[in-house]
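Summary of structural features
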Amino acid sequence: MTWFTKWSFKNKAAMWLLVVLTLVIGTVSYMKLPLEFFPEAELKQITITTMGQGYDASAMLNSVTKPVEKAAESIEGKSEVLSTTGNGFSKVDVLFDAKTDMSKAKAGLNEALADVKLPAGMSKPYVLLLKSSMIPVSQVSVAFEDGMTKENTEAIKEKVVPALEKVKGAAGASMIGNSSTQVSVQLDQKKLAEKGIPVHAVMNLLQGKNYTAAVSEETLDGKASNIKVVGQIDGISELEKLSVVPNVQLKDIASVKTDNGSAGITRINGEEAILVRVMKEGGYNSVTIGKDIEKTVSDLNKEVDGLKAEVVWSNSDQVVTSLNSMLKEVGLGALFATLVILLFLRNLRTTFITIVSIPLSLGLTVFLLWQSGITLNVMTLGGVAVAVGRLVDDSIVVIESIFRKAQKGIKLNREMVTNATKEVSGAITSSTLTTVAVFLPLGIVSGSLQDFLLPFALTVTYALLSSLLVAITVVPVMSAALLKNEKLPEQKEPVRYVKLLAWSLNHKWVALTVAIVLFVGSIGLFSAMPQGAMNASDASLVDVNMKYPAGTPISEVQEKALQLESFLVKQKEAKTVLTMQGNSEDGAKYGQVGSETEVTYSVIMEKGSDVQHFIDEVKKEKSRYSDADFSVTAISMTGGGSSDVTVDLAGANIEDLNIAANKVLDKVKDIDGVEKVSSNQEETKPSYEIKVNPSSATAQEVAGQLQMLLNPMPIGTVNLDGKEANVVMETDFKPSSQRDLENIMVSAGGKVIPMSQVATFVKTEEASMLFQRDGEQYVRVTLQIDPDKLSAIKKDIEKVKTQLELPDGVEMNVGGATETQEKENADMMTTMLASIGLVYLIMVLTFKTLRAPLAILFSLPLAAVGAVLGLLITKTTVETTAMIGGLMLIGIVVTNAIVLIERVKQNEKSMTIRESLLEAGAARMRPILMTAIATVCAMLPLVFKSADMGSIVSKGLAIVVIGGLTVSTLLTLVIIPVVYELLHFRKSKRQRKVAEQNRGIVA
């Protein structure tokens, strides 16, 4: 590293030019770097959703789910197939290995699905490859003063959506809650019976009336001519006049009208509305697109009469917030570093020299990100926020070394500055590389997680390496120029610290016992601390879910949905409330399907609002909806989500699964912290099985007639005002009892007779939701829990698992929040161990010995003491970001020990080990305290503010770093020298004995 310093002095003009170029190129790179919410990433999952109105869960399972699962079996790279089947929908999630090419997997799956034959009335399967780019750049609420009429819906399609799609950088816009215009032909059962016309006869009449087909190409009159068959119905009037049988027109037996085809509810802030989601093309700036969308929405409100459009969500806001937060962190980091250096060195010029490292390091970092094709997103901005506390550390150590020599009276010139830099270059290089090594495993994890963490890891790496380069090139040259004739204050030796260190070295077991007791105590405290889901206080979005039993009438569900919506809209913390109920093809395209009796509310919170208070208030409303499963969940883009615990029971025999589920329900319901327990097998719905007598009719014939009678059936299209509109046939028949079903008139054997004459009826209770894993059905028991008691509940469930006697062939798997926590903890522990291994390897290569790096590693358990105390004092729950803070500590705390031990190794060339330790402690105490205080101060603002949505830099992370670094720094100055001498005990004892003998001879 000395070569860089010498080169800088020999080529000052070139170096100053590089400094200016770095600032300019950094600024240009910043202007060119796209700003987006998340880095581009593909999740290793493909979701296939299919809609089938009128089909129950069992029919959907056999007709759709199983064929789709079978089609997915042959796809290369498949690791697991999970499916959820309910009344009217099927959802199959195909999970893949980390190295799978997802584009090929999706193409293979589409090809396999092309051979799957689905029953009539099913939608086509929607195949969805999940990507981070599917997060909309903006979501626009669109409503009208006079409600969502047919004309207003058309206005959205023809004016609003095209205008949003024209925004530069927008990849497209989709409508959620889209109520497309359709023509409804509602048959009158009484009139059909009077005229003796069966339903299927009307169906056969109407199907194919509006149809165009090319049938051939022939030579007519000497010319090649196309032959087409064209059938077209223009308008409702023509449709009504169609002849069904002689002297009977369609209008005589049915009412024909247009409606919006709406199924379910889509409302925003208490008003019927449509949500338009705008996607972003890759490489474009989210902030610019967001602003353009806001301008477009404002223009549309002026241009379209009665339009009330509003941007209810824009991730560009989150990007701007994260960017402003980063700039604030940089500014505060620079301010605190300035105060720390002024406090310790009491010199303005040295302060200025050190602070220069921040803009230079950031400029070089941004340039490297640009060249690497990485965007500015919440992950890279989080990396900058994490690194800013370390940007001045290397420069502080260098400037302190130069300053210390100058205070001792050594003439400040090029040679002195070079030697002072050389003394610490090994230490700062090793400490920087060890910190980089900590973050390196984050960038080499497998799967889609790498796409998210690699930009974070590279940002920290670029920033730290840039700060090292600045410290050994720019800082020495500036020091030689600015401090040449500077009058420096007198250096005071830390006498009290040296005495404490000497006493500790003479009483090693006292110091070590204290350290061991503290470490063991911290482990005990950590084990007893609550480990939970992400804290709600940092969330920007809250999901409220209300689910009624499967047999509940939809009208009742919707009535209760509006009642709860009214309450949510009135809450001061709620900025926007999106209410959705029911399945639609628009939602199915994005894998959003579920029970018809389920209502979801997405509540966007006001900035700075008390989210936990809002959640508590909503939970109080549970008593008003006692018949429903009611849950409230804080959502964060990088954490949080459902805190529910799931217990899955898999096996071949459904009766055994039900027995096992009942045993689990009975055992877990009384666990402390479990608020509610339910099973998917409890979600049953009455089912009437119609057994057709084969001698009287065919089951297929009867089923077809009933489907036409009981469900809206698409029968073609009609031309309305120059546009194609779907035609749906339905009847006014709404059976209310089994007797009504028995009296339905069906056509069988050329006769129209009651169904009771051709079939018998059996009433059963069937599950409304069916779950399968790799083709095998399983029962799911769901526990709604207190998130803060997650770790304790997990232990209690494990006890239940060991005590339960399950039927043969039944396997029990605990998942949900506990599985997520265990996986996160296991991944983090693996990463920590890998990081410690890399750190040790780098130190061994630096010091060329095993014992010195081993002594340095003893700073890690000391950091654990401070981290646990910090969490305990602030009553902060251990969650993912706190674990990331622990990972950061590995790289940060060893820095102090490296700076200390590196000086010891230099001293050993001319001193005994004891003398080396005492001198190194006195010489390195100031830079160690300076760098530690600067880093701690840079983290302090995070403790007193809410985390930005999507950011991994949070209060938990800051508390772990602050607590760990504070305690580790204080103990490192004493414990590490003690451990080092203990590892060299024989040599040190021999040296002290020789020294005593020499003193005796002199005396």
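Residues numbered from 1 in each chain as written. Predicted model: local features only at pLDDT ≥ 70, side-chain atom pairs only at ≥ 80, totals over all residues. Heavy atoms only, no water.

1. As for the overall build of the protein chain
Scanning the protein chain from N- to C-terminus turns up 33 helices and 32 strands. Out of the 1003 residues belonging to the protein chain, those deemed buried represent 53%. In the structure as shown, the protein chain presents an accessible area of about 45,100 Å², 54% of it carried by carbon and sulfur atoms. (Helix = DSSP H or I, 4+ residues; strand = E, 2+ residues; numbered from the N terminus. Buried < 20%, exposed > 50% of the residue type's maximum accessible area, 1.4 Å probe, protein only. Areas by Shrake-Rupley, 256 points an atom, 1.4 Å probe, with all protein chains shown as cover.)

2. Quick word on the sheet that holds strand 15 (residues 274-280)
The antiparallel open sheet is built from four strands, whose spatial order is 6-15-5-16. Every other strand in the sheet has two partners, leaving strand 6 (170-176) and strand 16 (307-314) as the edge strands with one partner each. Ignoring which end each strand starts from, the neighbouring axes of this sheet average 25° apart. As defined by bridge partners, strand 5 (residues 138-144) adjoins strand 15 across five bridges and the pair is classed as antiparallel. Among the inter-strand pairings, Gln139 is bridged to a residue of strand 15, identified as Arg277. The sheet contacts of helix 5 (residues 150-165) involve strand 5, strand 6, strand 15 and strand 16, and relative to strand 6 the element is tilted by about 160°. In the packing of helix 10 (residues 286-303) onto the sheet, contacts are made with strand 5, strand 15 and strand 16, and the angle to strand 16 comes to roughly 165°. (Pairing = 2+ DSSP bridges. Axes fitted to C-alpha atoms, helices over the stretch in contact; angles between N-to-C directions. Contact = heavy atoms within 4.5 Å.)

3. Thoughts on the confidence of the model for the protein chain
A residue-level look at the protein chain finds 88% of positions with pLDDT of 70 or above and a mean pLDDT of 81. Confidence over residues 637-641 falls short of pLDDT 50; this stretch has 14 contacts with residues more than four positions distant or in other chains. (pLDDT = per-residue confidence, 0-100.)

4. Concerning the nonpolar core
The nonpolar side chains of a soluble globular protein tend to be buried with one another. Counting residues in each nonpolar core, the largest one holds 135 residues, and the members touching the most others are Val839, Ile856, Met888, Ile901, Met939 and Tyr980. Those residues within four positions of Ile901 in sequence are excluded, and the remaining contacts are Phe847, Ala852, Ile856, Ile976 and Tyr980. Grouped together as the second largest cluster of nonpolar side chains are 40 residues, Leu192, Leu242, Ala725 and Ile744 included. (Core = buried A, V, L, I, M, F, W, Y, C linked by side-chain atoms within 4.5 Å.)

5. Remarks on the environment of Val287
Here Val287 lies in helix 10. Through-space distance from the C-alpha of Val287 to that of Val320 is 7.2 Å; in sequence the pair is 33 residues apart. What Val287 contacts, discounting residues up to four positions off in sequence, is Leu35, Ser316, Val319 and Val320.

6. Observations concerning helix 11 (residues 315-345)
For helix 11, spanning 31 residues, the distance from its first C-alpha to its last is 44 Å, which sits close to the expected 45 Å at 1.5 Å a residue. Just past helix 11, the residue Arg346 takes up positive phi, approximately 50°. (Expected span 1.5 Å × (residues − 1).)

7. Thoughts on the packing of helix 2 (residues 12-32) against helix 13 (residues 357-371)
Think of two packed helices as two axes; the pair is described by the angle between the axes and how far apart they sit. Where helix 2 meets helix 13, the closest approach of the two axes is 8 Å, and the angle between their N-to-C directions is 50°. The orientation of helix 2 with respect to helix 13, classified from their angle, is oblique. Helix 13 is crossed by helix 2, and the crossing has left-handed handedness. Only Pro359, Leu360, Gly363, Leu364, Val366, Phe367 and Trp370 of helix 13 make contact with helix 2, whose side of the interface consists of Val19, Thr22, Leu23, Ile25, Gly26, Ser29, Tyr30 and Lys32. Of the residues in the contact of helix 2 with helix 13, the class split is ten nonpolar, four polar and one charged. (Parallel < 35°, antiparallel > 145°, perpendicular 65-115°, else oblique. Left-handed = near helix turned anticlockwise from the far one by under 90°. Nonpolar A, V, L, I, M, F, W, Y, C, P; charged D, E, K, R; others polar.)

8. Section: a negative patch on the surface
A cluster of acidic residues, Glu73, Asp774, Glu776 and Glu811, forms a negative patch at the surface. The topology assignment puts Glu776 in strand 31 (residues 776-785). The exposure class assigned to Glu776 is partly exposed, which follows from its relative accessible area of 37%. (Patch = residues over 30% accessible without salt bridge, like charges linked within 9 Å, V, L, I, M, F, W, Y side chains within 5 Å. Salt bridge = Lys/Arg side-chain N within 4 Å of Asp/Glu carboxyl O. Lys, Arg positive; Asp, Glu negative; His and termini not counted. Charge placed at Lys NZ, Arg CZ, Asp CG, Glu CD.)

9. Some remarks on the packing of aromatic side chains
Applying the stated criterion to the full structure yields three aromatic pairs. Both rings, one in Trp3 and one in Phe4, keep their centres 5.2 Å apart while their planes meet at 85°; by these two values the pair is edge-to-face. The class for Phe4 is partly exposed, based on a relative accessible area of 33%. Taking the centre distance of 5.7 Å and the plane angle of 40° together, the rings of Phe771 and Tyr778 count as tilted. When the ring centre of Tyr778 is taken as reference, the NZ or CZ atom of Arg773 above it lies at 4.8 Å. Positioned above the aromatic ring of Phe771 is the side chain of Arg780, whose terminal nitrogen or guanidinium carbon lies 5.4 Å from the ring centre. (Phe/Tyr/Trp six-rings, centres within 6.5 Å; stacked < 30°, edge-to-face > 60°. Lys NZ or Arg CZ within 6 Å of the ring centre and 35° of its normal.)

10. Examining the pairing of strand 30 (residues 769-773)
For strand 30, the buried fraction is high: four of the five residues fall into the buried class. Here strand 2 (residues 78-86) runs beside strand 30; their pairing, made up of five bridges, is antiparallel. Looking across to strand 30, one finds that Leu82 is bridged to Arg773. Between the antiparallel neighbours strand 30 and strand 31 lie two residues, among them Asp774 with a positive phi of about 50°.

11. A word on the pattern of salt bridges
Evaluated as defined, the whole model comprises 23 salt bridges. Residue Lys280 pairs with Glu36 through a salt bridge whose shortest N-O separation is 3.3 Å. Of the two residues, Lys280 is situated in strand 15 and Glu36 in the loop between helix 2 and strand 1 (42-51); the sequence distance between them amounts to 244 residues. For the residue pair Lys280 and Glu36, the accessibility class agrees, reading buried in each case. Across the salt bridge formed by Arg267 and Glu565, the nearest N and O atoms sit 3.0 Å from each other. On the criterion of sequence distance, the pair formed by Arg267 in strand 13 (residues 265-268) and Glu565 in helix 20 (residues 554-570) is long-range, its members being 298 residues apart. Each of the two residues, Arg267 as well as Glu565, counts as buried. Three or more residues are tied together by salt bridges with common partners; here these are Glu80, Asp648, Arg773 and Arg780.

12. Digging into a positive patch on the surface
Positive charge collects at one region of the surface, where Lys6, Lys10, Lys12, Lys411, Arg414, Lys422, Lys484 and Lys909 lie side by side. Secondary structure elements with two or more residues in the positive patch: helix 1 (2-10) and helix 16 (414-443). Residue placement: Arg414 occurs in helix 16.

13. Brief notes about unusual backbone geometry
Located in the positive-phi region is Asn247, a residue other than glycine, with phi close to 70°. Following the sequence through the fold, Asn247 ends up in the loop between strand 10 (243-245) and strand 11 (248-249). The exposed category is assigned to Asn247, whose relative accessible area is 81%.

14. Comments concerning the pairing of strand 19 (residues 598-605)
Pairing of strand 17 (residues 541-547) with strand 19 involves seven bridges; the strand directions are antiparallel. Bridge pairing in strand 19 links Lys547 to Glu598. Both strand 18 (residues 574-581) and strand 19 contribute to a ladder of seven bridges, which runs antiparallel. The partner of Leu578 across the bridge, within strand 19, is Ser602.

15. Notes on the side chain of Ser466
Of note, Ser466 is situated in helix 17 (residues 448-482). Classification of Ser466 by relative accessible area gives buried; the value is 3%.

16. Describing a nonpolar patch on the surface
Where nonpolar side chains cluster on the molecular surface, the patch consists of Trp3, Phe4, Trp7, Leu17, Leu18, Leu21, Ile25 and Leu469 and spans about 730 Å² of accessible area. Secondary structure elements with two or more residues in the nonpolar patch: helix 1 and helix 2. No other element matches the four residues that helix 2 contributes to the nonpolar patch.

17. Describing the environment of Ser372
Examined against the element boundaries, Ser372 turns out to sit in the loop between helix 13 and helix 14 (378-387). Taking relative accessible area as the criterion, Ser372 reaches 36% and is therefore assigned partly exposed. Measuring from C-alpha to C-alpha, the distance between Ser372 and Leu458 comes to 9.3 Å, with 86 residues separating the pair along the chain. In terms of polar contacts, Ser372 uses its side chain to reach the backbone carbonyl oxygen of Leu368, at 2.7 Å. (Polar contact = N/O pair within 3.5 Å; in protein donor to acceptor, adjacent residues only side chain to side chain.)

18. Remarks on the environment of His984
Topologically, His984 is positioned in the loop between helix 32 (955-983) and helix 33 (985-1002). Between the alpha carbons of His984 and Ala852 there is a distance of 9.2 Å; along the sequence they are 132 residues apart. Not counting residues up to four positions away in its chain, the partners in contact with His984 are Arg851 and Ile913. A polar contact of 2.8 Å, which involves the side chain of His984, links it to the backbone oxygen of Tyr980.

19. Examining helix 15 (residues 393-407)
Taking 1.5 Å as the rise per residue, helix 15 with 15 residues should run 21 Å; its terminal C-alpha atoms sit 21 Å apart, in good agreement. The buried count for helix 15 comes to 15 of 15 residues, which makes it a mostly enclosed element. Count one or two residues on from helix 15 and you reach Gly409, which has phi positive near 95°.

20. Notes on the packing of helix 7 (residues 199-206) against helix 24 (residues 699-710)
Following both chains from N to C, one finds helix 7 and helix 24 inclined at 80°, their axes separated by 9 Å at the closest point. Relative to helix 24, the element helix 7 is oriented roughly perpendicular. Within the contact between the two elements, helix 7 uses Val199, His200 and Met203 and helix 24 uses Gln705, Met708 and Leu709. Here the contact of helix 7 with helix 24 is composed, by residue class, of four nonpolar, two polar and no charged.

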